[in-house]
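# Coordinates in review
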Amino acid sequence: MILPGQTIGILGGGQLGRMFAIAARRMGYRVHAMDPTADCPTGQVADLEVNAPYDDLDAARDFAMGVDVVTFEFENVPAQTLSTIAELRPVHPSPLVLDTCRHRLHEKSFLSSSGFPCAAYRPVGDFHKLSSAVRELGGELGLPCILKSADYGYDGKGQVTIDATTDLQSAWKTMGRPLGVVEAFVEFEKEISVIVARTSAGQTKSFLPFENEHRHHILNMTTCPADIEPSVSKRAIELATAIADKLAVVGVIAVEMFLRPGGELLVNELAPRPHNSGHLTVDACISSQFEQQLRAVCGLPLGDPGLLRPAAMANLLGDLWCDGMPHWEEALADPEVKLHLYGKEKPMPGRKMGHLTAMADSPAAARRLVLAARASLARPSP
């Protein structure tokens, strides 16, 4: 067990690390953060910020020697860096879990070989194989389909929708990586996610399913509990928990799913870390996803993930700053609304700068509250 007073190392300096560090410091832990950028969101609240490229193995060794356990909030840490750190300190979730989940082909192979439901897919290594896959598998995959980069893909990066009019050579160049995955296009009713925490002893706790709405491939808002049948909620939690157990996750894992007509669930993506859809747990749950991550990687019993009240979360992207500073006082005029900003200095279109959370008597009421609050941020001044 890693006990309060000891030091947690976190790889990555974004908002997920920031909220993890806040949870850890609240429980009496020291936190060291490693990120290439000075004054990163995590570093602003950590005890020590180490600024070095992720492939600097000497810096990684020094970082590891200063902490008792290492976790991450950023999935694109080089494998060699993780292996170097794992030789010196425990890393949770394990480098093997990270390698499985951050690489789409590894992820799809794991899901399909383990019997977990996912969309039909084919790996493609060049334009000619892409053309062949679309032509030969058109009957199985159908058109449209989705070309995704096998690695370095998040928030819609490296994704191209292919239909009968698509120039495949242009699609391959747009995807921009040496290896891709062609997936069947899935007709779905809802996008949901389930976040499961798991300890090394095999204890698991799951949050209720979140209902997610994306805009331009970026999460726009989340409500909890999801508006789905109780039987579907139960199956989603069982599916996510089975995946966490099969991977032997120590930490938290988010399982994104499509709900198809008729109640069928398909796994879309796995994220072995806290997830954007779980941000509302900070305000709306007895134990947040970040506290659960902390408890799991430290070998402590998991907390209660129970929902205190129905809640909704709306992302705040850099687009809100295009006409000047948002009107924070307008959004906070409603006492039910909570503001979380990530300490990022430069707002850019599509960049996640913060989020709003609201709780109410129903998910629909919470959704209305948080959307009205976000809309008020850009309201012209009188």
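Above this text you will find the structure in question.
Our subject in this report is the structure included herewith.

About the thresholds
- Residues numbered from 1 in each chain as written.
- Predicted model: local features only at pLDDT ≥ 70, side-chain atom pairs only at ≥ 80, totals over all residues.
- Heavy atoms only, no water.
- Helix = DSSP H or I, 4+ residues; strand = E, 2+ residues; numbered from the N terminus.
- Rg over C-alpha atoms; globule rule 2.2 N^0.38 Å.
- Buried < 20%, exposed > 50% of the residue type's maximum accessible area, 1.4 Å probe, protein only.
- Contact = heavy atoms within 4.5 Å.
- Lys, Arg positive; Asp, Glu negative; His and termini not counted.
- Charge placed at Lys NZ, Arg CZ, Asp CG, Glu CD.
- Pairing = 2+ DSSP bridges.
- Axes fitted to C-alpha atoms, helices over the stretch in contact; angles between N-to-C directions.
- Expected span 1.5 Å × (residues − 1).
- Core = buried A, V, L, I, M, F, W, Y, C linked by side-chain atoms within 4.5 Å.
- Polar contact = N/O pair within 3.5 Å; in protein donor to acceptor, adjacent residues only side chain to side chain.

Along the chain, the regular secondary structure elements total 13 helices and 17 strands. In terms of overall dimensions, the chain is globule-like: its C-alpha atoms have a radius of gyration of 21 Å, near the 21 Å expected for 382 residues. Viewed in the frame of its principal axes, the chain has a C-alpha envelope of about 60 × 55 × 45 Å. Out of the 382 residues belonging to the chain, those deemed buried represent 56%. In the chain, the share of contacts with a sequence separation of at least 24, taken over all contacts with a separation of at least 6, comes to 63%. In the chain, 36 positive and 45 negative side-chain charges are present, and the distance between their average locations comes to 1 Å.

The next point concerns the sheet that holds strand β1 (residues 7–11). In spatial order, the strands read β3-β2-β1-β4; together these 4 strands make up an open sheet with parallel pairing. Since the sheet does not close on itself, it has two edges, and those belong to β3 (48–51) and β4 (69–72), each with one partner. Neighbouring strand axes in the sheet, compared pairwise and without regard to direction, differ in orientation by 25 degrees on average.

What follows deals with helix α1 (residues 15–26). The end-to-end C-alpha separation of α1 is 17 Å, in line with the 16 Å expected for 12 residues at 1.5 Å each. α1 sits mainly inside the fold: 9 of its 12 residues count as buried. Buried within α1 are the following residues: Gln15, Leu16, Gly17, Arg18, Met19, Phe20, Ala21, Ala23 and Ala24. Buried residues along α1 sit against β1, β2 (30–35), β4, α11 (289–297), β16 (337–341) and β17 (352–359).

Within strand β6 (residues 145–149), 5 of the 5 residues are buried, which leaves it mostly tucked inside the rest of the structure. Burial along β6 is two-sided: the residues Cys145, Leu147 and Ser149 and Ile146 and Lys148 are all buried. Pairing geometry for β6 and strand β7 (residues 159–162), over 4 bridges, is antiparallel. Each bridged residue has a counterpart across the sheet, and for Lys148 the counterpart in β7 is Gln159. The sheet contact formed by β6 and strand β8 (residues 180–184) spans 5 bridges and is antiparallel. Across the sheet, Cys145 pairs through a bridge with Ala184, a residue of β8.

The subject of this paragraph is the nonpolar core. A general tendency of soluble globular proteins is for nonpolar side chains to be buried together. Within the largest apolar cluster, 26 residues are counted, with the highest numbers of intra-cluster contacts made by Leu111, Ile243, Leu247, Ile253, Met257, Leu265 and Leu270. Those elements giving two or more residues to this core turn out to be α4 (95–102), α5 (104–113), β9 (190–198), α9 (230–247), β13 (251–259) and β14 (265–271). Broken down by element, the residue count for this core peaks at 7 residues, all from α9. Sequence-distant contacts of Leu270, defined by excluding residues within four places in its chain, comprise Glu75, Cys101, Glu107, Phe110, Leu111, Ile243, Leu247, Ile253, Ala254 and Val255. Core analysis: the next-biggest nonpolar cluster, separate from the first, contains 21 residues, Tyr29, Phe290, Leu294 and Leu300 among them.

Turning our attention to the environment of Asp68. Its location among the elements puts Asp68 in the loop between α2 (57–65) and β4. C-alpha of Asp68 to C-alpha of Ile2: the two residues are 66 residues apart in sequence and 7.2 Å apart in space. When neighbours within four sequence positions are excluded, Asp68 is seen to be in contact with Ile2, Gln6, Thr7, Arg89 and Pro90. A polar atom in the side chain of Asp68 sits 2.8 Å from the backbone nitrogen of Thr7.

To continue, consider the sheet that holds β6. Remark on secondary structure: sheet strands pair via backbone hydrogen bonds, oriented parallel or antiparallel. Strand order in this open sheet of 4 strands is β5-β8-β6-β7, and the pairing throughout is antiparallel. Bordering the open sheet on either side are β5 (121–124) and β7, each of which pairs with just one other strand. Here the strands of the sheet are splayed against their neighbours by 20 degrees on average, with no regard to which way each runs. Of the strands in this sheet, β5, β6, β7 and β8 are in contact with α5, which crosses β5 at around 145 degrees.

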